[in-house]
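Here are the chains, one letter per residue:
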Amino acid sequence: DAKTTQPPSMDCAEGRAANLPCNHSTISGNEYVYWYRQIHSQGPQYIIHGLKNNETNEMASLIITEDRKSSTLILPHATLRDTAVYYCIVRDTLGSKSTFGDGTTLTVKP
Amino acid sequence: GAVVSQHPSWVICKSGTSVKIECRSLDFQATTMFWYRQFPKQSLMLMATSNEGSKATYEQGVEKDKFLINHASLTLSTLTVTSAHPEDSSFYICSANEGGRIDTEAFFGQGTRLTVV
């Protein structure tokens, strides 16, 4: 699995967009980028994933650079409940195990 | 959506005893499930890959005789922590992918908090 690099922490004001970056410079052509988040003492929650194109769902948007070496998760209107650790993961071509890095602790402030 | 359920959510056991944790895929079949361990303020660490009908694959440094994994059906994998000690106290999490697809998300259980006293 490709290694991912994320900033350890970020703050965001409530109601504003939260933009969480992730570097995955060694990603292979068939590997997907996944984003999960983990609220304290819970299992990770799926947010979004993509291969090449930008993706959007009810939770977030995922912007993947053309060279696929980095991506950005966008929470368009952050709420206090979005405070969590966000993990960017690159899944191997068999779609099997997820290798977690250290993630970004996002703190949404009133 | 697909759900993965773990049981129990938390358990306290005495040192030297064994504890079994169940992971079930509720509405899909999972030929492969994964077990993770998470210590406080740390990320999830993959322990092993559980394969239905065959032996589990353990990550380097994980003792297979201590962490027994059984994946007897397409919807159930169990992790047994044998002869548990206080250092085994941790948050154990399982995940499963809907079988055969490479473009779907992994679904995670809610986790099991193990405390060994």
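Residues numbered from 1 in each chain as written. Chains lettered and ligands numbered in written order. Predicted model: local features only at pLDDT ≥ 70, side-chain atom pairs only at ≥ 80, totals over all residues. Heavy atoms only, no water.

### Here's the deal with the state of the cysteines
Residues and elements named next belong to chain A.
Here is step 1 of the chain: The full count for this structure, using the stated rule, is two disulfides over all chains.
Here is step 2 of the chain: Here C22 connects covalently by a disulfide to C88, the sulfurs 2.1 Å from one another. Here the disulfide of C22 and C88 is left-handed, its torsion about the S-S bond being about -80 degrees. Here the residue C22 occupies a position in strand 2 (residues 18-23), and C88 occupies one in strand 8 (residues 84-91), the gap between them amounting to 66 residues. In this structure, C22 and C88 share a single accessibility class: buried. (Disulfide = S-S within 2.5 Å. Helix = DSSP H or I, 4+ residues; strand = E, 2+ residues; numbered from the N terminus. Buried < 20%, exposed > 50% of the residue type's maximum accessible area, 1.4 Å probe, protein only.)

### What to know about unusual backbone geometry
Here is step 1 of the chain: Residue P8 of chain B is reached from H7 of chain B by a cis peptide bond, and omega for that bond is 0 degrees.
Here is step 2 of the chain: With respect to the helices, strands and loops of the structure, P8 of chain B is situated in the loop between strand 1 (4-7) and strand 2 (10-13).
Here is step 3 of the chain: Phi angles above zero are rare outside glycine, and S41 of chain A is one such case at about 65 degrees.
Here is step 4 of the chain: When you line up the elements, S41 of chain A lands in the loop between strand 3 (32-38) and strand 4 (45-50).
Here is step 5 of the chain: Unusually for a residue other than glycine, S83 of chain B sits at a positive phi of about 45 degrees.
Here is step 6 of the chain: Residue position: S83 of chain B is located in the loop between strand 8 (76-81) and strand 9 (90-97).
Here is step 7 of the chain: Residue classification places S83 of chain B among the partly exposed positions, given a relative accessible area of 34%.

Don't take any of this as a statement about function, it's just geometry.
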